Amino acid sequence: MKPYPEYRDSGVAWLGPVPAHWEVRRNGRLFAQRVETGFAELPILEVSLKTGVRVRDMDNLKRKQVMSDRDKYKRAAEGDIAYNMMRMWQGAVGVAPVDGLVSPAYVVARPFEDTDSRYFSYLFRTSAYMAEVDGYSRGIVKDRNRLYWEDFKRMPSCVPPPDEQRRIADHLDAHGRFVQRFIRNRRRLIEVLNEQKQAIIDRLVTRGLDPSVRLKPSGIAWLEIPAEWEVNRLRNVAELVVSNVDKHTHDGEIPVRLCNYVDVYKNRRITGDLPFMAATASPDEVRRFRLHRGDVVVTKDSEIWTDIAVPALVDYEAEDFVCGYHLAILRPFERMRSAYLLHVLQAKSVVVQFHVEAQGVTRFGLSHSAIKNVIVPYPTPAEQDAIVAAIEEQTRDIDCAIRRTLREIELIREYRTRLISEVVTGKIDVREATEAAAAEPRMKPKRAANIHFRRAVFAAEIVHRLHGEPTFGHVKFEKLIFLCEKRCGVDTGSTYNRHAAGPYDSRALRSIDSQLRKQQWFEAQKGDNGYRYVPLDKVGSHREYFNRYFGNVVTRFDEVIDTFRTLNTQRCEIVATLYAAWDDLLTQHANVTDDEVVRQVLHNWHPTKQSIDETRWRRALGWMKAKGLVPEGRTRPCP
């Protein structure tokens, strides 16, 4: 790609020279304000700093919101520009993908006939334009500044001819899809690498360096340890200190630097290079909660129970460096090595103990006694040092690959940001690059159904077929959704985890239950024997959508339903787990043995899988092969 052949001065300082055939106009000549209310039936839209405007998933919000007075919300028509007045300077702007509602505090701009909203959405999110927005915004302090419509319409923008606007937007859309695929594939690679690293840690901290060592029960059903090792509770190997230092300022406090939840959650090692939060604490709190090199800090509570007990090793200390709220400090005693304790707290056999003890409804937390009573493998200090050295040696290449992959993601994001800026301001000419695409007739794509609705339709057909069966309940339902998806090659947007009842996606199941009830198809009702699905007024009306979306996979869908119709929940769980583990292995290499699949289930999945006898797993594998339930290794690994 090259510059345009001829430029002229734009007369705008931040814009500089523009292609000679481009214009510079104020936004009031490109857009008109839309203020329309009274459309309560439309979906709610949100304006994100990262993704622009999108339909809000009301079913899966971490914190449920009650949308009152929807009649007062503004209508944004498909193709309108919507922006957050207080966050436009940070890039909270985008194109409405469908007709929907935005907050009354947002601005909706309707494009004129020769204005392509997609092009201007890219322009408005460039760093140069966002800096200009800051100058046009008004408020008492910078963080509370607002860009009102009257000021937005005075702002100048560079304006290519209408056809060129479209071709630029098409080029950047296509490049964006490529970048998304690239990042998605790199993230999958990181998931696989982290799984490999986790397997190394699990093996070494529970089995030691000798793979042939004689094992003994540890006192935990799913954990065996070398015969010469001990087990001990955390209370006996480390001192527990729970911090209550928050980010708020109180009288009589002194300035400190705070190691907070995010520092621990995102880093396995706390060093002085991290941007610690400035806060205050009393002299007594500084004395009690000052962090020392060799401490291990863990997250004590979180909105998501799987984010509890995430550990980080402190490799830094200073007089003003203290531990923040929501965290607990584990200060190892003499015979417990800090680095070994860090790895032990990452082992699945230990993590599951924390998760079992977590209490809460909307926020989950660990009591002091729950932390202190967790059981950990406890070899001699010399063996601990050897295990830490072995983990570092065996994971060094994996860590390098992860860092390199993260850097690739960072670089391609930087490249895309620069490309957008140079293309929309005319520094690069992409007309030749889009010429072939522009020659083809442009058809408006048919709008796809919302992924949550499609998922509910797919699930509703399973319920419709099986809700009368005595073996059909919540857990079996989830297993059949998984198996039907995988066998039919359908992606419903679910992310299956290796929970005790895994493969399992609790958030997706809640969304499905909500949609089934909302559409008046079925309602999940909890009784003495678990959940049952009760037909509602519009039962069966999902079939029209099912045939439209999934008519091409009905044969395979029928096979799965018929195969599992009368099987009990545990048998369905066994098969689904084997299928997922087998599929994960096939993504790594083509020839997978039964031993590898069983080993994957028993040692790399949830420890409770070990409560099922190994012979049952092996018999189930033979049954699956006889039934043709063999995965193809094309799906995303279960995290």
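Not measured: the values here are computed from a predicted model. Along each chain, residue indices are assigned from 1 in the same order as the chain's sequence is written. The predicted nature of this model means local features are confined to residues of pLDDT at least 70 and side-chain atom pairs, given and counted, to a pLDDT of 80 or more, with totals for whole chains, interfaces and linings taken over all residues. The basis for every side-chain value is the complete set of non-hydrogen atoms in the structure, without hydrogens or water.

A.B. asks: What exactly am I supposed to notice about the packing of helix α8 (residues 338-346) against helix α9 (residues 348-357) here?
C.D. replies: Fitted lines through C-alpha atoms serve as axes, helices being fitted only where they are in contact, and the angles separating the N-to-C directions of these axes extend from 0 to 180 degrees. The helix count covers DSSP runs of H or I at least four residues long, the strand count covers runs of E at least two residues long, and both are numbered beginning at the N terminus. Contact pair α8 / α9: the axes reach a minimum separation of 5 Å and the direction vectors enclose 65°. Considering their axes alone, α8 and α9 lie roughly perpendicular with respect to each other. Residues V344, L345 and Q346 of α8 lie in contact with α9, whose contacting residues are K348, V350, V351 and F354. Gly counts as polar in this scheme, as do all residues outside two lists: the nonpolar Ala, Val, Leu, Ile, Met, Phe, Trp, Tyr, Cys and Pro, and the charged Asp, Glu, Lys and Arg. Split by residue class, the contact of α8 with α9 holds 5 nonpolar, 1 polar and 1 charged. Note on angle classes: values under 35 degrees are labelled roughly parallel, values over 145 roughly antiparallel, values of 65 to 115 roughly perpendicular, and the remainder oblique. Should any heavy atoms of two residues lie within 4.5 Å, those residues are counted as being in contact.

A.B. asks: I keep staring at the pairing of strand β27 (residues 375-378) and nothing clicks. Help me out?
C.D. replies: Successive residues of a regular strand alternate their side chains across the two faces of the sheet. Each residue is assigned to one of three classes by its accessible area relative to the maximum for its type, calculated with a 1.4 Å probe on protein chains only: buried under 20%, partly exposed between the two thresholds, exposed over 50%. Neither face of β27 is exposed, since I375 and P377 on one face and V376 and Y378 on the opposite face are all buried. In terms of strand pairing, strand β15 (residues 230-233) meets β27 through 4 bridges, oriented antiparallel. Paired with N232 across the bridge in β27 is V376. Pairing between strands is defined by DSSP: at least two bridges between the two strands are required.

A.B. asks: What is the right way to read a positive patch on the surface from this model?
C.D. replies: Patch membership requires over 30% relative accessible area and the absence of a salt bridge. Like charges are linked within 9 Å, and nonpolar side chains (Val, Leu, Ile, Met, Phe, Trp, Tyr) within 5 Å. Here the open area of atoms and residues is found with the Shrake-Rupley method and a 1.4 Å probe, where only the protein chains shown may cover a residue. The term salt bridge refers to a side-chain nitrogen of Lys or Arg lying within 4 Å of a carboxyl oxygen of Asp or Glu. In this tally Asp and Glu are treated as negative and Lys and Arg as positive; neither His nor the chain ends contributes. The atoms used to mark charge sites are NZ of Lys, CZ of Arg, CG of Asp and CD of Glu. A grouping of K50, R187, K266 and R413 is seen on the molecular surface, where their side chains present a positively charged patch. Position of R413 relative to the elements: it lies in helix α11 (residues 381-424).

A.B. asks: Teacher, can you tell me more about the pattern of salt bridges here?
C.D. replies: When the charged atoms of two side chains lie near each other, side chains of opposite charge can form a pair. In this structure the tally under the stated criterion is 38 salt bridges. Between R287 and D284 there is a salt bridge, with its nearest N and O atoms 2.5 Å apart. Linking R287 with D284, this pair stays in helix α7 (residues 283-289), spanning 3 residues, or about one helical turn. Residue classification places D284 among the partly exposed residues on the basis of a relative accessible area of 34%. Between E614 and R618 there is a salt bridge, with its nearest N and O atoms 3.0 Å apart. Taken together, the residues E614 and R618, both in helix α20 (residues 614-627) and 4 residues apart, mark about one turn of the helix. Since its relative accessible area comes to 36%, E614 is described here as partly exposed. Given the relative accessible area of 33%, R618 is considered partly exposed. Within the structure, one salt-bridge network assembled from shared partners comprises D116, R118, D163, R166, R167, D170 and D173.

A.B. asks: Just checking my understanding: could you explain α20 for this structure?
C.D. replies: Structurally, the α-helix is built with 3.6 residues per turn, so residues lying three or four positions apart point the same way. By definition here, a helix of n residues has an expected span of 1.5 Å times n minus one. Look at α20: 20 Å from first C-alpha to last across 14 residues, which is about the 20 Å you get at 1.5 Å a residue. Buried residues along α20 sit in contact with α18 (569-586) and α19 (594-604). Note on α20: the residue one or two positions beyond its end, G628, has a positive phi of about 80°.

A.B. asks: How should I be thinking about the side chain of R34 in this particular structure?
C.D. replies: Note that R34 resides in the loop between β4 (31-33) and β5 (45-48). A polar contact is formed between the side chain of R34 and the side chain of D80, at a distance of 2.5 Å. Not counting chain neighbours up to four residues away, the residues in contact with R34 comprise R75, A77, D80, V108 and R110. Here a polar contact is taken to be a pair of N or O atoms separated by no more than 3.5 Å, where protein atoms must pair a possible hydrogen donor with a possible acceptor and residues adjacent in sequence count only if both atoms sit in side chains.

A.B. asks: Looking at this model, I keep getting lost on the packing of aromatic side chains. Mind explaining?
C.D. replies: Each Phe, Tyr or Trp ring, with Trp reduced to its six-membered ring, pairs with another whose centre is within 6.5 Å; inter-plane angles below 30 degrees give stacked pairs, above 60 give edge-to-face pairs, and intermediate values give tilted ones. If you walk through the whole model with that rule in mind, you get 33 aromatic pairs. Pairing F458 with F557 gives two aromatic rings, centres 5.4 Å apart and planes at 80°, and the pair type is edge-to-face. In this pair, F458 sits in helix α13 (residues 451-466) while F557 sits in helix α17 (residues 554-564), placing the two residues 99 residues apart along the sequence. In this structure, F458 and F557 share a single accessibility class: buried. Between the aromatic rings of F477 and Y533, the centroid separation amounts to 5.1 Å while the plane-to-plane angle is 75°, which identifies the pairing as edge-to-face. With F477 in helix α14 (residues 474-488) and Y533 in strand β29 (residues 530-535), this pair connects stretches of sequence that are 56 residues apart. Residue F477 is classed as buried on the basis of its relative accessible area of 0%. Taking relative accessible area as the criterion, Y533 reaches 4% and is therefore assigned buried. Pairwise contacts between aromatic rings join W14, F31, Y83, Y119, F120, F124, Y129, W149 and F152 into one cluster. By the criterion adopted, a ring carries a charge over it if an Arg CZ or a Lys NZ lies within 6 Å of its centre and within 35 degrees of its normal. The positively charged end of R454 is found above the aromatic ring belonging to Y549, 4.9 Å away from the centroid. Against the face of W623 rests R571, its NZ or CZ located 5.8 Å from the ring centre.

A.B. asks: It is not clear to me how the sheet that holds strand β19 (residues 277-281) should be interpreted in this structure. Could you clarify?
C.D. replies: Note: strands within a sheet are paired through backbone hydrogen bonds, in either parallel or antiparallel orientation. Pairing in this open sheet of 3 strands is mixed, and the strands run β19-β17-β23 from one edge to the other. Looking at the sheet topology across the chains shown, the edges are occupied by β19 and β23 (321-323). Neighbour to neighbour, the strand axes of the sheet diverge by 55° on average, direction disregarded. Where strand β17 (residues 254-259) meets β23, 3 bridges bridge the pair, whose relative direction is parallel. Across the sheet, the residue bridging to L258 is V322, located in β23.

A.B. asks: Mind showing me how you'd approach the environment of T405 here?
C.D. replies: Among the structural elements, T405 can be located in helix α11. Look at T405 and you get buried, because its relative accessible area is 4%. As a C-alpha pair, T405 and I190 span 215 residues in sequence and 7.3 Å in three-dimensional space. When neighbours within four sequence positions are excluded, T405 is seen to be in contact with R186, L189 and I190. Here the side chain of T405 touches A401 through a polar contact of 2.7 Å, landing on its backbone oxygen.

A.B. asks: Explanation requested: the confidence of the model for the protein in the structure shown.
C.D. replies: Close inspection of predicted coordinates is inappropriate in any region flagged by low pLDDT. A residue-level look at the protein finds 92% of positions with pLDDT of 70 or above and a mean pLDDT of 87. For residues 59-66, every residue scores under 50 in pLDDT, and the model assigns this stretch 16 contacts once sequence neighbours within four places are set aside. In the model, residues 443-448 has pLDDT below 50 throughout and makes 3 contacts with residues more than four positions away in sequence or in other chains. Confidence scores labelled pLDDT are given residue by residue by the predictor and lie between 0 and 100.

A.B. asks: Just to check I follow, could you spell out unusual backbone geometry for this structure?
C.D. replies: Most peptide bonds are trans, and most residues other than glycine sit at a negative phi. Unlike most non-glycine residues, A309 shows phi in positive territory, near 65°. Tracing the sequence through the fold places A309 in the loop between β21 (301-302) and β22 (311-314). At Q520, a residue that is not glycine, the phi angle is positive and equals roughly 60°. Structurally, Q520 is set in the loop between α15 (506-518) and β28 (522-527).

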